[in-house]
Amino acid sequence: MLFFADYHTHTAYSGDSEAPMSAMAQQAADMQLKQLVFTDHVDYDYADPNFEMIDFAAYKQEFDELKARFRDKIDLLMGVEIGYQPHLQERIKKLLKSYPFEFVICSTHMADNLDFYTGAFFEGKTPQTAYERYFLNVLQGIGHMDDFDVYGHLDFIVRYGDYPVKQLHYRDYSDMLDEILRRLIYLGKGLEVNTSGFRYGLKQLHPQKEILKRYRQLGGEIVTVGSDAHFPEDICCRFQYAYQTLVDLGYKYLTIFKQRQPEFIKII
Ligand SMILES: [Zn+2]
Ligand SMILES: [Zn+2]
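Just so you know, these numbers come straight off a predicted model, no measurement behind them. (Residues numbered from 1 in each chain as written. Chains lettered and ligands numbered in written order. Predicted model: local features only at pLDDT ≥ 70, side-chain atom pairs only at ≥ 80, totals over all residues.)

(A) Representation of the overall build of the protein within the structure. Per the secondary structure count, the protein includes 7 helices and 12 strands. The C-alpha atoms of the protein give a radius of gyration of 17 Å, which matches the 18 Å a tight globule of 268 residues would have. Principal-axis analysis of the C-alpha atoms places the extent of the protein at approximately 50 × 45 × 35 Å. Looking at the protein as a whole, 42% of its 268 residues qualify as buried. Considering only residue pairs separated by 6 or more positions, the protein has 77% of its internal contacts joining residues 24 or more positions apart. (Helix = DSSP H or I, 4+ residues; strand = E, 2+ residues; numbered from the N terminus. Rg over C-alpha atoms; globule rule 2.2 N^0.38 Å. Buried ≥ 20, exposed ≤ 12 C-beta atoms within 10 Å, placed from the backbone. Contact = placed C-beta atoms within 7 Å.)

This is the structure we're talking about:
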């Protein structure tokens, strides 16, 4: 099966990937994708101070070179994945004005100043409390920040807590989730369908089917599909499942972006 595009990938410009940008582009071209979107991390004020920030001067230079080199094979897009925290709003706004990003993912990688990855956020919390705090942080975020195109891997929080069951149910958080989804729809923002959970041993997309179903029921139509690949071989990982799930849920179109503007293409 041929896939159209991967809307969430990382390269060595992200602190947590060593994949050369050229290797990612080559792999995507070999897979005959029409587009590949680089969404390297910008996580200001991250819990781990060694998490490197993108060297944008070098990034932009290499990106422009590759864009020209691959011009006849694949359309490369310069995107970004922002790790949102409330006190960073002004810095984020400034960054987004400084470079010609074509696609912006807003993600919550930390909540209440605490990190998910190291587990600090979950200390002393039941799963219910942790997930509620996470969704509340997301809600507050999209209450204040609207300079983004899609919300990243909503519900990926289930990966990180050291709990026996790594799952949450829409019904237990329906009030908050409905508020999040309604707000996204009101703002004209999309929901990312992120396939990376499978690489963490989870058997679900982020967000899970129930949430994707609800977004559509409420009138949501903007969905992008991203692998969150940090290695070339993970590009488009599990996309067949993601496309099929969207079709099963009644989605007819995938969303692509041109200069931050959504366009719709039929799911093949
Ligand atoms: Zn992320
Ligand atoms: Zn990512």
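(B) Summary view of the packing of helix α1 (residues 21-30) against helix α2 (residues 56-69). One can describe the packing of α1 onto α2 by two numbers: an axis separation of 10 Å at closest approach and a directional angle of 25 degrees. Relative to α2, the element α1 is oriented roughly parallel. In this structure, α1 meets α2 at a crossing whose hand is right-handed. Residue-level contacts link M21, S22 and A25 of α1 to E62, F63 and L66 of α2. Looking at the contact of α1 with α2 residue by residue, the class counts come to 4 nonpolar, 1 polar and 1 charged. (Axes fitted to C-alpha atoms, helices over the stretch in contact; angles between N-to-C directions. Parallel < 35°, antiparallel > 145°, perpendicular 65-115°, else oblique. Left-handed = near helix turned anticlockwise from the far one by under 90°. Nonpolar A, V, L, I, M, F, W, Y, C, P; charged D, E, K, R; others polar.)

(C) Spatial organisation of the packing of helix α5 (residues 174-187) against helix α6 (residues 209-217). Relative to each other, α5 and α6 sit at 50 degrees, their axes nearing to 10 Å. Between α5 and α6, the angle is such that the two are oblique. For the pair α5 and α6, the crossing hand works out as right-handed. For the pair α5 and α6, the contacting residues are L177, D178 and L181 in the first and I211, R214 and Y215 in the second. Of the residues assigned to the contact of α5 with α6, the class counts are 4 nonpolar, no polar and 2 charged.

(D) Region of interest: α6. Among all positions of α6, only I211, L212 and Y215 are buried. Viewed end-on, α6 has its buried residues packed into an arc of 100 degrees, placing them on one side of the element. Elements that come into contact with the buried residues of α6 comprise α5 and β9 (190-194). A positive phi of about 110 degrees marks G219, the residue just after α6. (Arc of directions from axis to C-beta.)

(E) Up close: the environment of L168. You can see L168 is positioned in the loop between β8 (150-151) and α5. On the neighbour-count criterion, L168 (25 C-beta atoms within 10 Å) is buried. For the pair formed by L168 and I157, sequence separation is 11 residues and the distance between their alpha carbons is 9.3 Å. For L168, the contacting residues outside a window of four places in its chain are Y131, D155, V158 and Y173.

(F) Quick look at unusual backbone geometry. Cis geometry is found at the peptide bond from H206 to P207, where omega equals 0 degrees. With a phi close to 60 degrees, D228 is a non-glycine residue in the positive phi region. Tracing the backbone shows D228 in the loop between β10 (223-226) and α7 (239-248). A positive phi is found at R260, a non-glycine position, where the angle reads about 75 degrees. Relative to the helices and strands, R260 resides in the loop between β11 (253-258) and β12 (261-266).

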